[in-house]
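Reading the structure
What follows is the residue order along each chain.
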Amino acid sequence: MNLNLTSTIQMPDHRLRRDVVALCEKVGKPVLKLLSKDYRENGLQHWCDEYGSAALVNIAVFNELQHTITGWPGGKPGADDSNRPERALPFPKRVIVFSPHPDDDVISMGGTIRRLIQQGNDVHIAYETSGNIAVGDEDLTRYMHFLNGFNMLFSDSRDLTIIKKYNEIKEYLGAKHADTPDTRDILTLKGLIRRGEARTACAYNGIGKDHIHFLDLPFYESGRIEKLPVGKADVDIVRQLITNIKPHQIYVAADLADPHGTHRKCTDVVLAAVDEERQAAASWLNDCRIWMYRGAWAEWDVADIEMCVPMSPEELLEKRNAILRHQSQMESAPFMGDDSRLFWQRAEDRNRGTAQRYDALGLACYEAMEAFVEFRFTTAPSFF
């Protein structure tokens, strides 16, 4: 079992696009306005020689970029898909979005999720970890106060079990130091908070509870920033889910800049589970694609993007509204990193930035865009 498949991620070999995009940014021109002089003076004359003229190079790259843009991330039925990033058929598609924490789905691809659902695809969200260490003590205390008050108001017996547990946790939190680990009860309650927020965000996006999967991968449950090693138990959980659903699309986090490494481990688990299915010659994989997204920490380079889903101003606001359902991850979230922006602000800045780069290259001007790169295994399974 290979548990380090993220190390095999390779960017697409878009050498022409990469050179031309860099040239556009250097000379401050959109693709279709580049001149032979621009290519010649910047050491790229060989592309003009290969294609016959600067104009033909420009058109080739413009078309390549244009074909990455789609309003149908699950494929458009009845349409010619020869120049679309996703297949028209099968339709509707079964989709699994793997979210390392219970908010990465909406932060990273909330607009695409809504589009997939609105267009009739069968979308499942799989939250890989509980995210419990990212809930602040103040958030937990607020929920505990509510629960205790609810118990006092409506429980005829004044449930002593709840009162006892409430006092026990309250006392522990009051004496807690910065480096004091949470108890298992506290971690469970913090995980419950994040589950509730995830369900609320999913409901806002039109995802039913039978399509929400909390995997609670064991490697995460150390109770500390440092996680346990990823193992077979983690992979088995994910493999059972994908074999039950047999998706046509899998979305995974490739935001490997995540400072605590959880995204990398979560994606390694998914890829290892898929790889085991490849080794077993599972037929459903013949019609499945894996799309990688990025989120709060980084974005794909335009030269690498293979599918880009545009959003209108209203759709971007809907994405923000879904992110805001994760209330514990707003101002008081423990692990915001060095970036002072809130997660919804990071997401909007990133998505607007991608749209602005496409606009500067001479493509259609959208409010925002979410970008994806397809994951391809670099080696064939042993049965080939």
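Structure shown above.
Residues numbered from 1 in each chain as written. Predicted model: local features only at pLDDT ≥ 70, side-chain atom pairs only at ≥ 80, totals over all residues. Heavy atoms only, no water.

Moving on, we get to the packing of helix H5 (residues 104-118) against helix H11 (residues 313-324). Two quantities define a packed helix pair, namely the angle between the helix axes and the distance between the axes. Where H5 contacts H11, the two axes come as close as 9 Å, and the packing angle between them is 125°. Taken together, the axes of H5 and H11 are oblique relative to one another. Handedness of the H5/H11 crossing: right-handed. Taken together, the residues of H11 that come into contact with H5 (itself represented by Val106, Ile107, Ser108, Met109, Gly110, Gly111, Arg114 and Arg115) are Glu315, Glu318, Lys319, Ala322 and Ile323. The residue makeup of the contact of H5 with H11, split by class, is 5 nonpolar, 3 polar and 5 charged. (Axes fitted to C-alpha atoms, helices over the stretch in contact; angles between N-to-C directions. Helix = DSSP H or I, 4+ residues; strand = E, 2+ residues; numbered from the N terminus. Parallel < 35°, antiparallel > 145°, perpendicular 65-115°, else oblique. Left-handed = near helix turned anticlockwise from the far one by under 90°. Contact = heavy atoms within 4.5 Å. Nonpolar A, V, L, I, M, F, W, Y, C, P; charged D, E, K, R; others polar.)

What follows covers unusual backbone geometry. A cis amide bond, omega 0°, links Leu89 with the succeeding residue Pro90. Tracing the chain through its elements places Pro90 in the loop between helix H4 (54-66) and strand S1 (94-99). In this structure, Pro92 follows Phe91 across a cis peptide bond, with omega equal to -5°. Examined against the element boundaries, Pro92 turns out to sit in the loop between H4 and S1.

Below, the discussion takes up the pairing of strand S7 (residues 368-375). In terms of burial, S7 is a largely internal element, 8 of the 8 residues being buried. Burial of the side chains of S7 extends over both faces: Ala368, Glu370, Phe372 and Glu374 are buried on one face and Met369, Ala371, Val373 and Phe375 on the other. Examined bridge by bridge, strand S5 (residues 289-293) and S7 share 4 bridges and lie antiparallel to one another. Among the inter-strand pairings, Tyr293 is bridged to a residue of S7, identified as Phe372. Where strand S6 (residues 307-311) and S7 come together, 5 bridges link them in antiparallel fashion. The residue bridging Val309 from the neighbouring strand is Glu370, located in S7. (Buried < 20%, exposed > 50% of the residue type's maximum accessible area, 1.4 Å probe, protein only. Pairing = 2+ DSSP bridges.)

Take the sheet that holds strand S4 (residues 249-253) next. Here we have 7 strands laid out as an open sheet, ordered S3-S2-S1-S4-S5-S7-S6, and mixed in their pairing. The sheet is open, and its two edges are formed by strand S3 (212-214) and S6, each paired on a single side. Neighbour-to-neighbour, the strand axes of the sheet open up by a mean angle of 25°, direction not taken into account. Running over the sheet, helix H8 (residues 184-204) touches strand S2 (122-127) and S3 and is turned about 165° from S3. Across the sheet, helix H10 (residues 262-279) is in contact with S1, S4, S5 and S7; its angle to S4 comes to roughly 150°.

Counting 62 residues, the largest nonpolar core has Val20, Tyr39, Phe98, Val238, Ile242 and Ile250 as the members making the most contacts within it. Considering every element that reaches this core, the biggest residue donor is H10, with 7 residues. The residues touching Ile250, leaving out its near neighbours within four places in the chain, are Ile96, Phe98, Ile242, Val270, Val274, Trp284, Cys288, Arg289, Ile290 and Trp291. Ranked by size, the runner-up nonpolar core spans 20 residues in total, among them Met109, Ile113, Val123 and Ile125. (Core = buried A, V, L, I, M, F, W, Y, C linked by side-chain atoms within 4.5 Å.)

Over its 13 residues, helix H1 (residues 15-27) runs 18 Å from end to end, which matches the ideal 18 Å to within 8%, given 1.5 Å per residue. Contacts made by the buried residues of H1 are with helix H2 (36-41), helix H3 (45-51), H4 and helix H12 (343-360). A positive backbone phi angle near 70° is found at Gly28, which sits one or two residues after H1. (Expected span 1.5 Å × (residues − 1).)

Attention now moves to the state of the cysteines. In the structure shown here, the tally under the stated rule is 0 disulfides. Cys24 forms no disulfide, and the closest cysteine sulfur to it belongs to Cys48, at a distance of 12 Å. Residue class for Cys48 comes out buried when judged on its relative accessible area of 5%. (Disulfide = S-S within 2.5 Å.)

Another aspect to go through is the environment of Gln356. Examined against the element boundaries, Gln356 turns out to sit in helix H12. Note: C-alpha distance between Gln356 and Met369 (13 residues apart in sequence) is 9.0 Å.

So, about the packing of aromatic side chains. This structure, assessed with the given rule, holds 6 aromatic pairs. Note on Tyr127 and Phe214: the rings are 5.4 Å apart at their centroids and 20° apart in plane angle, and the pair reads as stacked. Remark: Phe214 occurs in strand S3 and Tyr127 occurs in strand S2; sequence separation between them is 87 residues. With respect to burial, Tyr127 and Phe214 carry one shared label: buried. Among the aromatic residues, ring-to-ring pairing joins Phe146, Phe150 and Phe154 into one connected group. Above the plane of the ring of Phe377 lies Arg278, whose end atom (NZ or CZ) is 4.0 Å from the centre. Sitting over the face of the ring of Tyr204, Arg325 holds its NZ or CZ atom 4.3 Å from the ring centroid. (Phe/Tyr/Trp six-rings, centres within 6.5 Å; stacked < 30°, edge-to-face > 60°. Lys NZ or Arg CZ within 6 Å of the ring centre and 35° of its normal.)

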